[in-house]
There are 2 protein chains.
Amino acid sequence: MRNIKVILQYEGTRYQGWQRQDSTGNTIQGKLETLLTKMCGKKVEVNGSGRTDSGVHAFGQVANFHIGTDKTPREIMDYMNAYLPEDIAVIHAEEVPERFHSRLNAKGKTYLYRVLNSDVPHIFDRRYVYVLPDALDTDAMRRGAEVLCGTHDYRAFTSNKRSKKSTVRTVDSIDVERCGDEVRFTFKGDGFLYHMVRIMVGTLLEAGMHKRDVEQIKGLFDAGTREDTGFLAPAVGLTLVEVRYQ
Amino acid sequence: MRNIKVILQYEGTRYQGWQRQDSTGNTIQGKLETLLTKMCGKKVEVNGSGRTDSGVHAFGQVANFHIGTDKTPREIMDYMNAYLPEDIAVIHAEEVPERFHSRLNAKGKTYLYRVLNSDVPHIFDRRYVYVLPDALDTDAMRRGAEVLCGTHDYRAFTSNKRSKKSTVRTVDSIDVERCGDEVRFTFKGDGFLYHMVRIMVGTLLEAGMHKRDVEQIKGLFDAGTREDTGFLAPAVGLTLVEVRYQ
């Protein structure tokens, strides 16, 4: 059995997220496992670096799987691209040590969130941006972004209430850039909780609309609950850009 | 009656080009005329700066129409965007002098042609690039592009054999840029014949694959016919970027 690591791109629009579901359900993991199982004649399980939600895109999702095959990584990649639908692609494949695990070994991730800050439609990016025409104060969002960085308990920034796992994470940087009528948020961190990026975006957008200020955001870590943080920004604007392993 | 000029964006994928067809036919001009006729309660005719072929995109197509309405240009634009499908948008509207005609007054146009020069798919741009994995010599294409510029009789570079109109055009510049695994051709000129940009792209790509050289391209203007010029590059890679009026 060989361990193959792949880098994947997908447009999340048509899918119910990364994670395989039991019976029906159109998922990225499900598509990949069906394909590789067919290729090998044996059941193949695919590990992703993490789940992406329904509608979320990936520019550089990482996954790995153990398979018994004589094919080279490049041949596996070409086989997959020949059979995958046009909104999923393998852009890199390599053989890795047996113990490599795309989720457990991940050291950091980068997410991009794109907001079209205009009431004029943008045809070509319509599947990748969240449209919010309200006036947005970029400086206010930058001040908020600074406060959201660091090592904190981000429990108020997740929709997952049941988990008993640690909700402490380190966010290395949040860049807020305005490019014409688009606002781009780039998040780098060691890992993100369920819905965490989208709730941080919602919180920063509310700061941009002057509905909350830096002091209020500072208080969210200690005393805050999900009710105190911002709205859940829609999946359409979110892209997993990169997963880092060192 | 007021004369309204609009700038349009559209993704050509789903459409049979710009030009209205008699009965059936899903066209951009047809969509716009149906919508404006409904808005005014009277038949409205829309003039485009030129036709785009089936599958060709527009970043800045220009059109104008005469209508009797009390709405401001911005209100007309918002009305249109509310009813247009998600792959067509009006991004600008203004009232212009009665004699303005988007085609007759056009002084120049810019087209972009994008080639994905890779055998690895690119999910996010798949609707806007022509995929050609063959090795492409950028310098050879640049030398060919230089030869194709100037004022010439471009009759060998059009699919239209019947027209008795002049086939002399001026191409101001053809930029050939490589950005990673993408090759971008940008054409600026006073006007382009039917299929002219796509045939020039096909000719330059053949130069890039060393199937023709600069000397051969030089000879195409005087002695050449359509049989001597390059293949018709697919519509998917072509975008009308801009129409200039001064």
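Right above here is the structure, for reference.
First things first, this report covers the structure right here in the doc. (Residues numbered from 1 in each chain as written. Chains lettered and ligands numbered in written order. Predicted model: local features only at pLDDT ≥ 70, side-chain atom pairs only at ≥ 80, totals over all residues. Heavy atoms only, no water.)

1. Regarding the overall build of chain A
Working step 1: For chain A, the helix and strand inventory stands at six helices and 10 strands.
Working step 2: Relative to the 2.2 N^0.38 estimate, which gives 18 Å for 246 residues, the radius of gyration of chain A is 19 Å and therefore close to what a compact globule would have.
Working step 3: When the 246 residues of chain A are sorted by exposure, 55% land in the buried category.
Working step 4: When contacts within chain A are restricted to residue pairs at least 6 apart in sequence, long-range pairs at least 24 apart make up 70% of them. (Helix = DSSP H or I, 4+ residues; strand = E, 2+ residues; numbered from the N terminus. Rg over C-alpha atoms; globule rule 2.2 N^0.38 Å. Buried < 20%, exposed > 50% of the residue type's maximum accessible area, 1.4 Å probe, protein only. Contact = heavy atoms within 4.5 Å.)

2. Thoughts on the packing of helix α1 (residues 28–40) of chain A against helix α2 (residues 73–83) of chain A
Residue and element names in this part refer to chain A.
Working step 1: Look at α1 against α2: their axes get within 11 Å of each other, and the N-to-C directions meet at 120 degrees. Judged by the inter-axis angle, α1 sits oblique to α2. Of the two elements, α1 crosses α2, and the hand of that crossing is right-handed. Taking contact as the criterion, the partners of Leu-32, Leu-35, Leu-36, Lys-38 and Met-39 in α1 are, on α2, Ile-76, Tyr-79, Met-80 and Tyr-83.
Working step 2: Considering only residue class, the contact of α1 with α2 consists of eight nonpolar, no polar and one charged. (Axes fitted to C-alpha atoms, helices over the stretch in contact; angles between N-to-C directions. Parallel < 35°, antiparallel > 145°, perpendicular 65-115°, else oblique. Left-handed = near helix turned anticlockwise from the far one by under 90°. Nonpolar A, V, L, I, M, F, W, Y, C, P; charged D, E, K, R; others polar.)

3. Observations regarding the interface of chain A and chain B
Working step 1: The interface is formed by 24 residues belonging to chain A together with 24 residues belonging to chain B.
Working step 2: Among the residues of chain A in contact with chain B, A:Ile123, A:Phe124 and A:Arg126 are the three that bury the most area, contributing 32% of the side total.
Working step 3: Seen at the junction of chain A and chain B, the total is eight salt bridges.
Working step 4: Note that A:Arg126 and B:Glu86 form a salt bridge whose closest N and O atoms lie 3.4 Å from each other.
Working step 5: Linking chain A with chain B are eight residue pairs in polar contact (both at pLDDT 80 or more).
Working step 6: At the level of elements, β1 (2–10), β3 (57–67), α2 and β4 (88–96) of chain A are the ones that each hand at least two residues to the side of chain A that touches chain B.
Working step 7: Ranked by residue count, the leading element in the side of chain A that touches chain B is β4(A), at four residues.
Working step 8: Of the residues in the side of chain A that touches chain B, the class split is 13 nonpolar, four polar and seven charged. (Buried area = accessible area lost by both parts, 1.4 Å probe. Salt bridge = Lys/Arg side-chain N within 4 Å of Asp/Glu carboxyl O. Polar contact = N/O pair within 3.5 Å; in protein donor to acceptor, adjacent residues only side chain to side chain.)

4. A closer look at the packing of aromatic side chains
Working step 1: Taken as a whole, this structure holds 20 aromatic pairs over all chains when the rule is applied.
Working step 2: Arranged with centres 5.2 Å apart and planes meeting at 75 degrees, the rings of A:Phe124 and B:Tyr128 form a pair that is edge-to-face. Separated into two different chains, A:Phe124 in the loop between β5 (108–116) and β6 (130–131) and B:Tyr128 in the loop between β5 (108–116) and β6 (130–131) make up a pair that spans both. Pair check on accessibility: A:Phe124 and B:Tyr128 agree, each one buried.
Working step 3: Here a set of aromatic residues connected by ring pairs shows up, and it is made of A:Phe59, A:Tyr128 and B:Phe124.
Working step 4: In this structure, A:Lys38 packs its charged tip against the face of A:Tyr83, placed 4.9 Å from the ring centre. (Phe/Tyr/Trp six-rings, centres within 6.5 Å; stacked < 30°, edge-to-face > 60°. Lys NZ or Arg CZ within 6 Å of the ring centre and 35° of its normal.)

5. Brief notes about the relation of the copies chain A and chain B
Working step 1: In screw terms, the move from chain A to chain B is a rotation of 180 degrees and a rise of 0.0 Å along the axis, fitting with an RMSD of 0.0 Å. Viewed as a symmetry operation, the transformation between the two copies matches a two-fold axis.
Working step 2: Mapped onto chain B, 100% of the interface residues of chain A are again interface residues, and the two copies thus contact each other with one and the same surface. (Least-squares fit on C-alpha atoms with pLDDT ≥ 70 in both.)

6. Considering the environment of A:Tyr113
Residues and elements named next belong to chain A.
Working step 1: Along the polypeptide, Tyr-113 turns up in strand β5.
Working step 2: Here Tyr-113 falls in the buried class, since its relative accessible area comes to 0%.
Working step 3: Residues Tyr-113 and Thr-239, 126 residues apart in the sequence, show an inter-C-alpha distance of 6.4 Å.
Working step 4: Excluding residues that lie within four positions of it along the chain, Tyr-113 makes contacts with Tyr-130, Val-183, Arg-184, Phe-185, Arg-198, Val-201, Ala-233, Pro-234, Gly-237 and Leu-238.
Working step 5: Here the side chain of Tyr-113 touches Pro-234 through a polar contact of 2.7 Å, landing on its backbone oxygen.

7. Examining helix α4 (residues 196–208) of chain A
Residues and elements named next belong to chain A.
Working step 1: Compared with an ideal rise of 1.5 Å per residue, which puts 13 residues at 18 Å, α4 spans 18 Å between its outermost C-alpha atoms and is within 8% of the ideal.
Working step 2: Most of α4 sits inside the fold, with 13 of its 13 residues counted as buried.
Working step 3: His-210, located one to two residues past α4, shows a positive phi value of around 60 degrees. (Expected span 1.5 Å × (residues − 1).)

8. Section: the layout of surface pockets
Working step 1: If you add up the space inside the largest pocket, you get close to 1,700 Å³.
Working step 2: Taken together, 47 residues line the largest pocket, and the ones lying closest to its centre are B:Arg51, B:Asn160, B:Phe192, B:Leu193 and B:Tyr194.
Working step 3: Sorting elements by how many residues they give to the lining of the largest pocket places helix α4 (residues 196–208) of chain B first, with three residues.
Working step 4: Its residues placed into classes, the lining of the largest pocket shows 12 nonpolar, 20 polar and 15 charged.
Working step 5: Approximately 1,400 Å³ is the volume found for the second largest pocket.
Working step 6: Around the second largest pocket, the lining is made up of 43 residues, and of these A:Gly50, A:Arg51, A:Arg103, A:Phe192 and A:Tyr194 lie nearest the centre.
Working step 7: Every element with two or more residues in the lining of the second largest pocket is listed here: β2 (46–48), β5 and α4 of chain A.
Working step 8: Residue composition of the lining of the second largest pocket, grouped by class: 11 nonpolar, 21 polar and 11 charged. (1 Å grid on protein atoms, 1.4 Å probe; cavity = no way out; pocket = protein on both sides within 12 Å on 5 of 7 lines; lining within 4 Å. Points joined across faces, edges and corners; volume = space filled by probe spheres on them.)

9. Regarding the packing of helix α3 (residues 138–148) of chain A against α4(A)
Residue and element names in this part refer to chain A.
Working step 1: Between α3 and α4, the least distance of the axes is 8 Å, while the angle of their chain directions is 140 degrees. In this view, α3 runs oblique relative to α4, as classed from their interaxial angle. With respect to the hand of their crossing, α3 and α4 are arranged in right-handed fashion. Between α3, through Ala-140, Met-141, Gly-144, Ala-145 and Leu-148, and α4, the contact on the second element is made entirely by Met-200, Leu-204, Leu-205, Ala-207 and Gly-208.
Working step 2: Of the residues assigned to the contact of α3 with α4, the class counts are eight nonpolar, two polar and no charged.

10. Remarks on the nonpolar core
Working step 1: A:Phe65, A:Phe157, A:Phe185, A:Met200 and A:Leu205 are the most contacted members of the largest nonpolar core, which totals 71 residues.
Working step 2: Among the elements that make up this core, the one with the highest residue count is α4(A) (eight residues).
Working step 3: Excluding residues within four positions of it along the chain, A:Leu205 makes contact with A:Val115, A:Tyr130, A:Leu132, A:Leu136, A:Met141, A:Phe185 and A:Phe231.
Working step 4: In this structure, B:Trp18, B:Tyr130, B:Leu220 and B:Val243 belong to the second largest nonpolar core, which totals 70 residues. (Core = buried A, V, L, I, M, F, W, Y, C linked by side-chain atoms within 4.5 Å.)

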